Amino acid sequence: MQLDPEDEKLVTLARSARARSGAAEGAAVRDDIGRTYVAASVDLPALSLTALQAAVAAAASSGVKRLEAAVVVTTGGEPDRAVLEGLGDPVFHVVAE
């Protein structure tokens with residue numbers, strides 16, 4: 001898959017989040033002014049989030065209203081895109097590893 005350089009940066013960030021935490025997924029999102037938010041999946045007794053949910057939550061808690069792009073690096077299947085609803089129509093990539 002050929003990505004533009006800005007989306008390739010998101011892949012690198014998502015991979016590093018996944019590697020740092022040892023999680024099954026890493027995700028990175030970019031807002032409409034170029035800021036990025038990165039997260040890994042969360043699996044705690046009282047809280048479970050996909051990496052995409054965690055990255056979108058980080059962006060939303062910073063006041064983001066629109067996303068330009070989202071990347072998920074995963075060992076699993078296709079992530080649920082529903083978490084992106086209401087944030088524009090971001091370019092979305094899934095990288096299976």
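Trainee: Help me get a handle on the nonpolar core, residues and values and all.
Mentor: Membership of the largest hydrophobic core comes to 17 residues, with the highest contact counts inside it found for Val29, Leu52, Val56, Leu67 and Leu84. If sequence neighbours within four positions are ignored, Val29 has contacts with Leu10, Arg35, Thr36, Tyr37, Leu52, Ala55, Val56, Ala59, Leu67, Ala69 and Ala70. Judged by nonpolar contacts, the second largest core, of 9 residues, contains Val11, Ala28, Val71 and Val95.

Trainee: With reference to specific residues and values, describe the sheet that holds strand β2 (residues 36-40).
Mentor: Spatially, the 4 strands line up as an open sheet ordered β2-β1-β5-β6, and their pairing is mixed. The open sheet is flanked by β2 and β6 (91-96), the only strands paired with a single partner. Sheet twist, expressed as the average angle between the axes of neighbouring strands with direction ignored, equals 10 degrees. In this sheet, β2 lies alongside strand β1 (residues 25-31) in antiparallel orientation, the contact comprising 5 bridges. Following the sheet pairing, Arg30 is matched in β2 by Thr36. Relative to β1, helix α2 (residues 51-61) is tilted by about 30 degrees, and along the sheet it contacts β1, β2, β5 (67-74) and β6.

Trainee: Run through the environment of Leu67, naming residues and quoting values.
Mentor: Within the secondary structure, Leu67 is located in strand β5. Along the sequence, Leu67 and Arg30 sit 37 residues apart, while their C-alpha atoms lie 5.8 Å from each other. Excluding its chain neighbours within four sequence positions, the residues that come into contact with Leu67 are Val29, Arg30, Asp31, Val56, Ala59, Leu84, Leu87 and Pro90.

Trainee: Provide a residue-level description of the pattern of salt bridges, including the pertinent values.
Mentor: The final tally for this structure, using the stated rule, is 6 salt bridges. Here Glu97 ties to Arg18 by a salt bridge, and the two come within 3.3 Å at their closest N and O atoms. Residue Glu97 is found in the segment after β6, and its partner Arg18 is found in helix α1 (residues 5-21); the two are separated by 79 residues along the sequence. For Glu97, a relative accessible area of 43% corresponds to the partly exposed category. Owing to a relative accessible area of 17%, Arg18 belongs among the buried residues under this scheme. Through salt bridges that share partners, Asp7, Arg30 and Glu68 make up one connected network.

Trainee: Which residues make up α2, and what are the values?
Mentor: Along an α-helix, residues three or four apart share an orientation, since each turn contains 3.6 residues. Within α2, the full set of buried residues consists of Ala51, Leu52, Ala54, Ala55, Val56 and Ala59. Against β1, β2, β4 (47-49), β5 and β6 lie the buried residues of α2. Positioned one or two residues after α2, Gly63 has a phi angle of 95 degrees, which is positive.

Trainee: Any chance you could break down the side chain of Glu25 for me, citing the residues and the numbers?
Mentor: Structurally, Glu25 is set in strand β1. Engagement of the side chain of Glu25 in a polar contact is seen with the backbone nitrogen of Ala51, the distance being 3.1 Å. Setting aside chain neighbours within four positions, we find Glu25 in contact with Arg18, Ala40, Ser41, Thr50, Ala51, Val72, Val73 and Thr74.

Cut-offs used in this document
- Residues numbered from 1 in each chain as written.
- Predicted model: local features only at pLDDT ≥ 70, side-chain atom pairs only at ≥ 80, totals over all residues.
- Heavy atoms only, no water.
- Core = buried A, V, L, I, M, F, W, Y, C linked by side-chain atoms within 4.5 Å.
- Buried < 20%, exposed > 50% of the residue type's maximum accessible area, 1.4 Å probe, protein only.
- Contact = heavy atoms within 4.5 Å.
- Pairing = 2+ DSSP bridges.
- Helix = DSSP H or I, 4+ residues; strand = E, 2+ residues; numbered from the N terminus.
- Axes fitted to C-alpha atoms, helices over the stretch in contact; angles between N-to-C directions.
- Salt bridge = Lys/Arg side-chain N within 4 Å of Asp/Glu carboxyl O.
- Polar contact = N/O pair within 3.5 Å; in protein donor to acceptor, adjacent residues only side chain to side chain.

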